[in-house]
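# Observations on the three-dimensional arrangement
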Amino acid sequence: MAQPLAFVLDVPETPGDQGCESSPQDDESEVHHSFCQLIQEQSQWAAEEGLELQQREPAPGAWGAPDDSHQALLGPEVAPAHSTATLRILASMPSRTIGRSRGAVISQYYNRTVRLRRRSSRPLLGEMSRSARPSLRLYDLELDPAAGEEEEKLNLLVKELQGLSVAQRDHMLRGMPVNLAEKRCLRDKSQTLRGMRRGQQHRGGVCSCCSRLGYACVLASHSLGLVLLSGLHALAPWRFALKQIGGQFGSSVLSYFLFLKTLLVFNALLLLLLLAFIVGPQAAFPQGPVPTAFMGLELLTGGGGFAHTVMYYGYYSNATLNQPCAPQPNGSQCTPRAGSLPYNMPLAYLFTVGAAAFITCITLVYSMSHSFGESYRVGSTSGVHAITAFCSWDYKVTQKWASRLQHDNIRTRLKELLAAWQLQQEPRSMCGRLRQVAVLVLVWLLCLGTTLGCAAAVHVFSEVMLESPVAAGQEAALLALPLVVCLLHLAAPYLYRGLAALERHGSPVLEVYMAIFRNLVLKMAILGVLCYHWLGRRVAALRDQCWEDFVGQELYRFVVMDFIFALLDTLFGELVWRFISEKKLKRRRKPEFDIARNVLDLIYGQTLIWLGVLFSPLLPAIQIIKLLLLFYVKKTSLLANCQAPRRPWLASHMSTLFLTLLCFPSFLGAAVFLSYVVWQVKPSSTCGPFRTLDSMYEAGRLWVRQLETAGSSVSWLSWLYQHLVEDTVFIFLVSALLLAVIYLNIQVVKGQRKVICLLKEQISNVTRIMRGIWIRWWHRHATAGLAICRALPAGTGSPRGGDSSPRQDTWRVLGRAAPCGYRQSLRIFAILEVAFGLPPAGGTHVGTRTLLSALIL
Amino acid sequence: MGNKQTVFTPEQLEAYQDNPFRQRIAQVFSEDGDGHMTLDNFLDMFSVMSETAPRDLKAYYAFKIYDFNDDDYICAWDLEQTLTKLTRGELSAEEVSLVCEKVLDEADGDHDGRLSLEDFQNMILRAPDFLSTFHIRI
């Protein structure tokens with residue numbers, strides 16, 4: 001098995017111990033100069049080699065020692081030393097240094113020398129099988145003269161590590177491709193030397209034992225932190241369940257469950273804030289009428305027993321809690337009781353909801369941008385074949401049947417890619433293209449029409465519900481609207497799927513994107529109609545009653561109905577369908593787990609929660625219970641009834657897409673709705689913390705005015721409020737700044753793309769030039785070698801024994817020295833054979849075969 | 001494999017061994033390249049295949065796994081082996097060679113007919129899924 005020869009042009013990663021840090025861009029003129037130098041050196045060397053060969057020719061006995069010929073033709077080990085500038089330029093070419101740091105270069109070199117050393121210095125004891133006998137390896141190390149070199153490299157690496165901070169050192173150690181034992185040794189060495197240095201500094205002082213103690217404390221706390229971290233990792237919920245799912249279904253289905261976990265975290269955060277600042281204080285000061293008796297129906301309708309509790313907006317008081325005194329007639333503030341903390345409920349309500357929305361926004365945007373940074377790269381859309389070949393096998397999958405499915409999926413994917421490529425090769429007629437565009441437009445029109453139809457149906461039904469008021473005992477009738485909406489959400493996606501079967505897209509990923517987009521538009525349209533219905537019509541209809549309570553209860557009903565339909569869908573869509581397809585239709589395939597539809601359902605559910613958090617502060621608790629139950633139900637159904645989807649699923653792209661969808665239409669829509677309610681809608685005058693105000697925002701404004709009159713210590717707050725929030729110039733300035741930053745980022749990305757193209761061009765130019773030089777040199781030697789071969793006797797034995805002759809050895813060496821790939825070498829040899837008229841018989845034929853076999857290996 | 005005490009029957013064990021690259025993984029991570037791993041090698045393997053290993057480290061070892069002839073380049077023969085193992089030999093020879101050609105077209109940056117470590121790393125940079133697929137959950 002041939003090692004690639006270290007040609008003078010194929011410079012191994014010379015560690016940067018030549019002290020260079022200059023980037024290739026700075027040395028453009030030097031590049032040109034060094035290339036000229038290289039060409040001159042090559043021609044000189046070729047001339048020398050030619051002379052050398054001609055010298056040896058008259059002494060055929062000398063060819064009995066193939067090593068000499070090897071040496072003469074191998075060259076690089078005895079090559080004249082090239083200028084450091086040349087080597088430096090070549091070593092720092094982008095193709096050699098992308099993603100490499102100095103330490104990694106050194107460590108790779110170290111690793112490679114260790115392996116080469118181990119391989120090369122193994123004692124030749126006949127057919128010794130490569131075993132890990134420690135005694136023999138020890139023997140290697142002791143007899144090896146290169147061990148000293150290895151020690152030197154190790155010290156270099158340790159020195160490199162000491163120059164870094166602790167975090168950087170850990171990061172570099174983690175990224176080094178050496179094994180764990182050596183990493184541990186390196187870390188200990190770089191730590192102890194540092195510790196020793198510190199010890200040396202404090203030697204002879206009282207501080208020496210203190211510093212040692214401090215050092216020991218630091219180490220102990222570090223290890224304690226590590227233990228806690230590993231304990232936390234073990235406590236991570238559902239670790240085994242996620243492993244099971246990933247092992248049987250792969251990363252694609254796992255992404256749904258990870259998304260569910262993310263939503264759980266968001267809701268937990270929201271609930272914590274609301275419990276601490278709104279629900280808790282109000283629950284500690286109960287007020288209002290005693291709630292009615294609990295009947296079973298409340299769980300579905302949200303009214304009845306739940307109506308006058310902390311669950312809804314109407315229960316919250318509009319006064320300051322813990323300060324039970326009437327305001328004095330002369331307008332002064334009433335003094336609080338001794339030892340109590342007054343709690344202004346309206347203000348707390350407004351600020352908590354605002355803070356919760358703000359924190360959710362920041363968290364969402366941060367996780368979205370983090371995920372985006374992980375999953376999108378400049379130029380990431382090309383290279384689909386390479387990515388399928390190398391990145392599509394999911395190592396998580398453990399079950400045999402699951403990996404068989406993966407094999408099938410990958411095979412199907414590759415066949416589809418080839419088919420798509422072949423289709424592209426065929427020129428498509430104008431007629432066919434027009435037809436495809438027409439079908440696309442038609443299908444989109446039909447889908448949009450369906451969406452509008454559904455929205456209109458919801459609108460009409462809600463108007464009907466408004467017209468016919470519900471009697472006190474018939475609260476179950478209130479469930480009609482959520483039922484209709486959920487039915488539409490269930491039926492319309494099947495219609496879209498049917499319509500999408502008419503289209504014929506080139507790429508299956510585009511189909512998935514289209515399906516997601518259509519479903520999303522449907523959900524957002526229906527939610528928009530519902531928001532209009534609540535804010536526009538219900539508020540007007542329930543003028544004297546508590547409309548906020550009603551809206552809160554409506555949203556509760558929607559959430560519960562959504563959950564019931566999710567359960568029914570799992571039951572009928574997966575379990576019953578599996579029975580039908582196995583028993584009746586006799587198909588071996590289980591139903592597929594539809595990831596896109598399930599994730600969109602989760603996003604829709606979360607939007608409902610965000611819409612309703614103002615009217616029902618305990619809604620996130622309902623969502624947490626719902627998500628927990630949904631996890632277990634979906635997991636059980638998945639393991640029992642489903643199989644992984646056959647379509648390719650770019651898990652990380654899709655995760656980013658779902659987070660984006662969660663942020664933009666979902667959260668943004670909810671934020672717009674909440675902002676409108678807070679700013680523009682008049683709160684009801686009979687219930688809730690804002691019952692005497694014109695808008696909910698008024699509470700904040702009143703408070704700021706109170707601060708102004710209160711004292712000068714907090715007047716800066718009112719100044720801030722007046723000039724930053726009320727005044728719109730500031731907001732315009734901030735928006736303009738944001739737009740400028742976004743524009744700059746876009747330009748930077750464009751520039752990076754251009755740089756990548758230029759670098760790619762540079763790489764291929766350099767390789768072409770180098771190969772041109774090398775091929776010319778090699779041709780010259782090949783012709784010289786061929787001439788020698790013709791002069792040599794064919795098939796004579798050599799001192800090496802076996803069936804290798806000097807001629808074949810020459811061929812072998814020439815083959816190894818070939819600078820180009822397998823196919824080009826075949827072509828070149830064919831040409832040379834024809835050119836020199838070498839008969840395909842005897843030693844030469846065997847030589848060619850040996851040569852080709854050497855090339856393959 | 002979980003937190004329950006289980007005794008595996010041979011059939012059950014057989015069900016867990018279907019990674020097409022299992023021999024290559026053992027060879028790459030073993031010290032002498034013959035597939036026999038010590039505890040350190042085993043830890044090494046799980047450390048590289050864990051969730052938090054850096055991308056470059058994973059790319060380095062993935063490159064070594066796919067380099068069947070250990071010549072520090074992924075040549076066309078290596079690619080053919082990879083594809084055959086991935087599809088369990090169910091693609092025709094023509095299709096395999098076509099895919100190999102396209103892979104080399106796409107990923108070979110310096111146009112030498114084979115993929116070096118840099119080419120591979122460059123290609124991995126464009127594949128965000130790599131981190132989640134080259135990962136074994138413990």
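The model shown is predicted, which means the values in this text are computed figures rather than measured ones.

With that out of the way, let us pick up the overall build of chain B. Summing up its helical and strand segments, chain B has eight helices and zero strands in all. Listing each helix as α and each strand as β along chain B from the N terminus yields α-α-α-α-α-α-α-α. Restricting to contacts in chain B with at least 6 residues of sequence separation, those with at least 24 account for 50%. Only carbon and sulfur atoms are counted for the fraction: they give 52% of the accessible area of chain B, which is about 6,100 Å².

Here the focus is unusual backbone geometry. All names here are of chain B. Although it is not a glycine, Asp-72 sits at a positive phi angle of roughly 65°. By the secondary structure assignment, Asp-72 is in the loop between helix H4 (55-66) and helix H5 (76-87). A positive phi is found at Arg-88, a non-glycine position, where the angle reads about 55°. On the secondary structure map, Arg-88 appears in the loop between H5 and helix H6 (93-107).

Further remarks concern the packing of aromatic side chains. Applying the stated criterion across every chain, the model contains 32 aromatic pairs over all chains. Judged by centre distance (5.0 Å) and plane angle (70°), the ring pair of B:Phe42 and B:Phe46 falls under edge-to-face. Taken together, the positions of B:Phe42 and B:Phe46, both in helix H3 (residues 39-48) and four residues apart, correspond to about one turn of that helix. In textbook terms, an aromatic cluster arises when at least three aromatic residues are bridged by ring pairs, as seen for A:Phe390, A:Tyr395, B:Phe21, B:Phe63, B:Tyr66, B:Phe120, B:Phe130 and B:Phe134. A cation sits over an aromatic face here: A:Arg578 above A:Phe579, 5.4 Å from the ring centre.

The next point concerns the interface of chain A and chain B. Contact residues are listed per partner, giving 80 residues for chain A and 75 residues for chain B. Where chain A abuts chain B, roughly 7,000 Å² becomes buried across the two surfaces, and 54% of that area is made up of carbon and sulfur atoms. When residues of chain A are sorted by the area they lose upon contact with chain B, A:Phe390, A:Tyr395 and A:His407 head the list and together hold 13% of the total. At the boundary of chain A with chain B, the tally comes to one salt bridge. Here chain A is connected to chain B by 11 residue pairs in polar contact (both at pLDDT 80 or more). The element best represented in the side of chain A that touches chain B is helix H15 (residues 400-425) of chain A, accounting for 12 residues. Per-class residue counts for the side of chain A that touches chain B are 31 nonpolar, 25 polar and 24 charged.

All names here are of chain A. Under the counting rule described, the total for this entry stands at five cavities of 30 Å³ or more. In this structure, the second largest cavity spans a volume of roughly 260 Å³. Lining the second largest cavity are 18 residues, with Asp-562, Phe-565, Ala-566, Asp-569 and Asp-601 positioned closest to its centre. Listed by contribution, the elements that provide at least two residues to the lining of the second largest cavity are helix H17 (480-500), helix H19 (547-584), helix H20 (595-612) and helix H21 (619-641). When residues of the lining of the second largest cavity are assigned to their parent elements, the largest contribution, five residues, is made by H20.

All names here are of chain A. One pass over the full model with this rule turns up one disulfide over all chains. The disulfide bridge from Cys-546 ends at Cys-687, spanning 1.7 Å between sulfur atoms. On the S-S bond that ties Cys-546 to Cys-687, the torsion sits near 90°, and the link is right-handed. Of the two residues, Cys-546 is situated in the loop between helix H18 (508-541) and H19 and Cys-687 in the loop between helix H22 (651-680) and helix H23 (698-710); the sequence distance between them amounts to 141 residues. No disulfide involves Cys-361; its sulfur sits 6.1 Å from the nearest other cysteine sulfur, which is in Cys-663.

Let's shift gears to the nonpolar core. Within soluble globular proteins, side chains that are nonpolar tend to cluster in buried spots. Judged by nonpolar contacts, the single largest core of 115 residues is most densely connected at A:Tyr256, A:Leu530, A:Trp547, A:Leu614 and A:Leu662. Among the elements that take part in this core, helix H11 (residues 239-284) of chain A stands out by supplying 19 residues, more than any other. Leave out the neighbours within four places in its chain, and A:Trp547 touches A:Leu535, A:Val539, A:Leu542, A:Phe615, A:Val677, A:Val681, A:Lys682, A:Pro683 and A:Ser684. Counting 47 residues, the second-largest nonpolar core is a separate cluster that includes B:Tyr60, B:Leu79, B:Leu86 and B:Leu104.

Residues and elements named next belong to chain A. Along the chain, Gln-436 falls in helix H16 (residues 430-467). On a C-alpha basis, the gap between Gln-436 and Arg-504 in space is 7.6 Å, while along the polypeptide they are 68 residues apart. Those residues in contact with Gln-436 that sit more than four places away from it in its chain are Arg-428 and Arg-504.

Attention now moves to the confidence of the model for chain A. In regions of low pLDDT, the predicted coordinates are not meant to be interpreted in detail. Residues and elements named next belong to chain A. Of all residues in chain A, 68% attain a pLDDT of 70 or more, and the chain-wide mean is 74. Segment residues 120-143 is flagged for pLDDT under 50; beyond a separation of four residues in sequence, or across chains, it makes 24 contacts in the model. Every residue in residues 839-846 is under pLDDT 50, and counting partners more than four places away or in other chains gives nine contacts.

Our next topic: the side chain of A:Arg538. Mapping A:Arg538 onto the fold places it in helix H18. In contact with A:Arg538, other than residues within four places in its own chain, are A:Met465, A:Leu466, A:His533 and A:Phe550.

Quick look at the pattern of salt bridges now. Taken as a whole and assessed by the stated rule, the structure comprises 16 salt bridges over all chains. Residue A:Arg497 is joined to A:Asp594 by a salt bridge in which the shortest nitrogen-to-oxygen separation is 3.3 Å. Taken together, the residues span a long stretch of sequence, with A:Arg497 in helix H17 and A:Asp594 in the loop between H19 and H20 at a distance of 97 residues. Classification of A:Asp594 by relative accessible area gives partly exposed; the value is 27%. Salt bridges sharing partners connect three or more residues here, namely A:Asp408, A:Arg411, B:Arg88 and B:Glu90.

This part covers the packing of H5(B) against H6(B). All names here are of chain B. Contact geometry of H5 with H6 gives a least axis separation of 10 Å together with a crossing angle of 125°. Comparing their axes, H6 and H5 come out oblique. You can see that H5 and H6 cross each other, and the crossing is right-handed. Contact with H5, carried on its side by Ala-76, Leu-79, Glu-80 and Leu-83, involves Val-96, Val-99, Cys-100, Val-103 and Leu-104 of H6 and no other residues of that element. The residue makeup of the contact of H5 with H6, split by class, is eight nonpolar, no polar and one charged.

With that settled, consider H5(B). Residues and elements named next belong to chain B. With 12 residues, H5 ought to run about 16 Å at 1.5 Å a step, and its terminal C-alpha atoms sit 16 Å apart, in line with that. Buried within H5 are the following residues: Asp-78, Leu-79, Thr-82, Leu-83, Leu-86 and Thr-87. Buried residues along H5 cover an arc of 150° about the axis, so they all sit on one side. Following H5 by one or two positions, Arg-88 adopts a phi angle in the positive range, close to 55°.

Turning our eyes to something else, we now look at the UniProt feature "domain: EF-hand" (unreviewed entry) in chain B. Taking the numbering used here, the UniProt-annotated feature "domain: EF-hand" (unreviewed entry) corresponds to residues 95-130 of chain B. Between the C-alpha atoms that bound residues 95-130 of chain B there is a distance of 24 Å. The span itself is 64% helix and 0% strand.

Residue and element names in this part refer to chain A. Relative to the helices and strands, Trp-577 resides in helix H19. Assessed through its relative accessible area of 39%, Trp-577 is described here as partly exposed. Sequence separation between Trp-577 and Cys-642 is 65 residues, and the spatial gap between their C-alpha atoms is 9.9 Å.

Once that is clear, we can look at the confidence of the model for chain B. Mean pLDDT over chain B: 83, with 88% of residues reaching 70 or higher. Scoring the predicted complex yields pTM 0.69 and, for the interface, ipTM 0.88.

Residue and element names in this part refer to chain A. On the surface, a cluster of nonpolar side chains totalling about 370 Å² of accessible area is made up of Leu-269, Phe-358, Ile-359 and Ile-362. Of the residues forming the nonpolar patch, the biggest block, three residues, is contributed by helix H13 (residues 345-375). For Leu-269, the location among the structural elements is in helix H11. Residue Leu-269 is classed as partly exposed on the basis of its relative accessible area of 37%.

Conventions adopted
Residues numbered from 1 in each chain as written. Chains lettered and ligands numbered in written order. Predicted model: local features only at pLDDT ≥ 70, side-chain atom pairs only at ≥ 80, totals over all residues. Heavy atoms only, no water. Helix = DSSP H or I, 4+ residues; strand = E, 2+ residues; numbered from the N terminus. Contact = heavy atoms within 4.5 Å. Areas by Shrake-Rupley, 256 points an atom, 1.4 Å probe, with all protein chains shown as cover. Phe/Tyr/Trp six-rings, centres within 6.5 Å; stacked < 30°, edge-to-face > 60°. Lys NZ or Arg CZ within 6 Å of the ring centre and 35° of its normal. Buried area = accessible area lost by both parts, 1.4 Å probe. Salt bridge = Lys/Arg side-chain N within 4 Å of Asp/Glu carboxyl O. Polar contact = N/O pair within 3.5 Å; in protein donor to acceptor, adjacent residues only side chain to side chain. Nonpolar A, V, L, I, M, F, W, Y, C, P; charged D, E, K, R; others polar. 1 Å grid on protein atoms, 1.4 Å probe; cavity = no way out; pocket = protein on both sides within 12 Å on 5 of 7 lines; lining within 4 Å. Points joined across faces, edges and corners; volume = space filled by probe spheres on them. Disulfide = S-S within 2.5 Å. Core = buried A, V, L, I, M, F, W, Y, C linked by side-chain atoms within 4.5 Å. Buried < 20%, exposed > 50% of the residue type's maximum accessible area, 1.4 Å probe, protein only. pLDDT = per-residue confidence, 0-100. Axes fitted to C-alpha atoms, helices over the stretch in contact; angles between N-to-C directions. Parallel < 35°, antiparallel > 145°, perpendicular 65-115°, else oblique. Left-handed = near helix turned anticlockwise from the far one by under 90°. Expected span 1.5 Å × (residues − 1). Arc of directions from axis to C-beta. UniProt positions renumbered as here; feature names shortened; annotations may be inferred. Patch = residues over 30% accessible without salt bridge, like charges linked within 9 Å, V, L, I, M, F, W, Y side chains within 5 Å.

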